[in-house]
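Next come the chains, spelled out residue by residue.
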Amino acid sequence: MPFTRRKFMQNGVIAGLGTTMLSMRGHGASNEVYPAPMMPAPSFVETNGINMAVYEKGTGPAVVFCHGWPELAFSWRDQIDAVSDAGYHAIAPDQRGFGLTGGPEDPMQYDLGIFCDDLLGMMDVKGIEKAVFCGHDWGGAVVWAMAKLHPDRCLGVIGLSTAASRPSSLPPVEGSKPPLIIMSPRYYSETFQQPGYAESILETNVHKFFDFMFSRGGIWDTEAFARLPEDSDERHMDLLAMLQRENPPPGEPFISDDVMKYFTDTYTATGFTGGLNWYRAMGRIGSIMADAESRIEVPSLYIGAENDLFLPPSRADGMEDFISDLEKHTVLDSGHWIQQEQPEEVNRVIVEWLNRKIA
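Numbers given for residues are sequential positions, taken from 1 along each chain in its written order. Only residues with pLDDT of at least 70 get local features here, since the model is predicted, and only at 80 or more are side-chain atom pairs given and counted; chain-wide, interface and lining totals rely on the full set of residues. Excluding hydrogens and water, the side-chain figures rest on all heavy atoms present in the structure.

(A) Spotlight on the overall build of the protein. Helix numbering and strand numbering both begin at the N terminus, where a helix is a DSSP run of H or I of at least 4 residues and a strand a DSSP run of E of at least 2. Per the secondary structure count, the protein includes 15 helices and ten strands. The quantity called the radius of gyration is restricted to C-alpha atoms. Its globule counterpart is 2.2 Å times the number of residues to the power 0.38. Computed over the C-alpha atoms, the radius of gyration of the protein is 19 Å, within 12% of the 21 Å expected from 2.2 N^0.38 for a compact globule of 359 residues. Along the longest, intermediate and shortest principal axes, the C-alpha atoms of the protein span 55 × 50 × 40 Å. Burial classification: accessible surface area is computed with a 1.4 Å probe over protein chains only, and a residue below 20% of its type maximum counts as buried, one above 50% as exposed, and the rest as partly exposed. Counting across all 359 residues of the protein, residues that qualify as buried make up 56%. Throughout, the Shrake-Rupley method with a 1.4 Å probe supplies accessible areas, and for residues the shown protein chains are the sole cover considered. Total accessible area on the protein is roughly 14500 Å²; 50% of this is exposed by carbon and sulfur atoms.

(B) Representation of the environment of Pro185 within the structure. Assignment of secondary structure puts Pro185 in the loop between strand E6 (154-160) and helix H6 (188-191). Aside from chain neighbours lying at most four places away, what touches Pro185 is Glu190 and Thr191. Contacts between residues were defined by any pair of non-hydrogen atoms, one from each residue, lying within 4.5 Å.

(C) Spotlight on the confidence of the model for the protein. For the protein, the mean per-residue pLDDT works out to 91, and 91% of the residues sit at or above 70. What pLDDT reports is the predictor's confidence in each residue, on a scale of 0 through 100. Here residues 1-30 scores under 50 on pLDDT; set against residues more than four positions off or in separate chains, the count is 64 contacts.

(D) Local environment of the packing of aromatic side chains. Stacked, tilted and edge-to-face pairs are distinguished by plane angle, under 30 degrees for stacked and over 60 for edge-to-face with tilted covering the rest, among Phe, Tyr and Trp rings (Trp via its six-membered ring) whose centres lie within 6.5 Å. Applying the stated rule across the entire model yields 30 aromatic pairs. Judged by centre distance (5.6 Å) and plane angle (90 degrees), the rings of Tyr188 and Phe310 are edge-to-face. One end of the pair, Tyr188, is in helix H6; the other, Phe310, is in the loop between strand E9 (300-305) and strand E10 (326-331), and 122 residues separate them in sequence. Note on accessibility: Tyr188 and Phe310 belong to one class, buried.

(E) The environment of Phe133, seen in detail. By the secondary structure assignment, Phe133 is in strand E5 (residues 131-136). Judged by relative accessible area, Phe133 falls into the buried class, the value being 0%. Through-space distance from the C-alpha of Phe133 to that of Val64 is 4.9 Å; in sequence the pair is 69 residues apart. With residues up to four places along the chain from it excluded, the contact list for Phe133 reads Val64, Leu119, Met123, Val143, Met146, Arg153, Cys154, Gly156, Val157 and Ile158.

(F) Main features of helix H3 (residues 77-85). Every buried residue belonging to H3 is among Arg77, Gln79, Ile80, Val83 and Ser84, and all of these are buried. Take H3 and look down its axis: the buried residues cluster within an arc of 155 degrees, on one side only. Looking at the buried side of H3, the elements it contacts are strand E2 (50-57), strand E3 (62-66), strand E4 (89-93), helix H11 (257-270), helix H14 (338-341) and helix H15 (343-357). Directly beyond the C-terminal end of H3, a positive phi value near 105 degrees is found at Gly87. Here the arc refers to the set of directions running from the helix axis out to each C-beta atom.

(G) Region of the structure containing unusual backbone geometry. In the segment running from Trp69 into Pro70, the intervening peptide bond is cis, with an omega of 0 degrees. Within the fold, Pro70 resides in the loop between E3 and H3. Not every positive phi belongs to a glycine, and Ser161 is a case in point at roughly 75 degrees. Relative to the elements of secondary structure, Ser161 occurs in the loop between E6 and H6. Located in the positive-phi region is Met237, a residue other than glycine, with phi close to 50 degrees. On the secondary structure map, Met237 appears in the loop between helix H9 (222-226) and helix H10 (239-243). Residue Met237 is classed as buried on the basis of its relative accessible area of 0%.

(H) Quick peek at the sheet that holds E5. Criterion used throughout: strands pair if DSSP finds at least two bridges between them. Reading across from one edge, E1-E2-E4-E3-E5-E6-E9-E10 is the order of the eight strands in this open sheet, with mixed pairing throughout. Sheet topology places strand E1 (43-47) and E10 at the edges, where each strand pairs with a single neighbour. Strand-to-strand twist of the sheet, defined as the mean angle between neighbouring strand axes without regard to direction, takes the value 25 degrees. Two strands pair when backbone bridges link them, and E1 and E2 are joined in this way by five bridges, in the antiparallel orientation. Opposite Phe44, over in E2, you have Ala53 as the bridge partner. The sheet contacts of H15 involve E3, E5, E6, E9 and E10, and relative to E10 the element is tilted by about 165 degrees. Note on geometry: axes are lines fitted to C-alpha atoms, helical ones only across the stretch in contact, with angles between N-to-C directions running from 0 to 180 degrees.

(I) Main features of the packing of H3 against H15. Where H3 meets H15, the closest approach of the two axes is 10 Å, and the angle between their N-to-C directions is 35 degrees. H15 is crossed by H3, and the crossing has right-handed handedness. Contact residues: H3 offers Asp78, Gln79, Ala82 and Val83, while H15 offers Pro343, Val346, Asn347, Ile350, Val351 and Leu354. For the contact of H3 with H15, the per-class residue count stands at seven nonpolar, two polar and one charged. Handedness of a crossing follows from how the near helix is turned relative to the far one, being left-handed for an anticlockwise turn of less than a right angle and right-handed for a clockwise one. Put simply, Ala, Val, Leu, Ile, Met, Phe, Trp, Tyr, Cys and Pro go in the nonpolar bin, Asp, Glu, Lys and Arg in the charged bin, and everything else, Gly too, in the polar bin.

(J) Broad picture of the pairing of E2. For E2, the buried fraction is high: six of the eight residues fall into the buried class. Bridging between E2 and E4 involves four bridges; their strand directions are antiparallel. Considered in E4, the bridge of Lys57 is made with Ala90.

What follows is the structure in structure tokens.
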């Protein structure tokens, strides 16, 4: 029973649809949303007005993995086994608007408080009182927010690439390395704001988009990036402009053909609107976090990547000022997609930390 893009965005995943039926679908057609390979079969949880697809494995303290954009629960395929084998209950949902989960059309139904409530509802259904929250990219913003908005539900926090936001009551950090990206109206999140515009470019050639994003070297190398002209699309991280070129800046792919196929098939079926809506509701973050705790008191781990242009490790400077128990680690020879580029190193750091702080 295929899900067309229209049906997907209007209705999400049909309530009560069993994983048996999902596993029986053909995996070749690009107009279907099907469960991720290399992952446990998903279950579906009704939470906060959505039907969330959840991949999980193992028993023990819960570790909830939150993906970023343009990703899926599938982005944690290499962590699910490693963490569950180490004695933990590994849980990775397709978050609101992504993959098998779907979501509403209204962009204002995609704010940081709602994302946290989605996770709380999922935990309540599964009888989980507390969890470690591990997030990358946008998922990192969610997990750090969980520690401030709902500290009573947190055993700990792991942020990959994404640093916790510094409280406004603290003075700015001095001496941090400035970012290489020039922030301007050309920056990709700014160009995502107009509904339909980014979709018209990203959905023209989904494989081209992921081939460009999920690569290493080339412009994704920090030294090469720094040498580019300051007025270039690259230095302003104007993704949409780069993708409209016949040949976007080349890089070396780091994911297999099977992995590329699942990302491409899924986003071809769903479109990009759900994930882009996360950016379109960004303006609400300030009001949502206004009354949140200023300090984080649960055990916390930040994992940065040496060649992350989007969220460089310097963004984590000064986190010690408002996090009582913080450890940091930088993964060498990795760009932004850290858990997919260097899974063995990321797994080692996560499991060692879990065993010391949570077990």
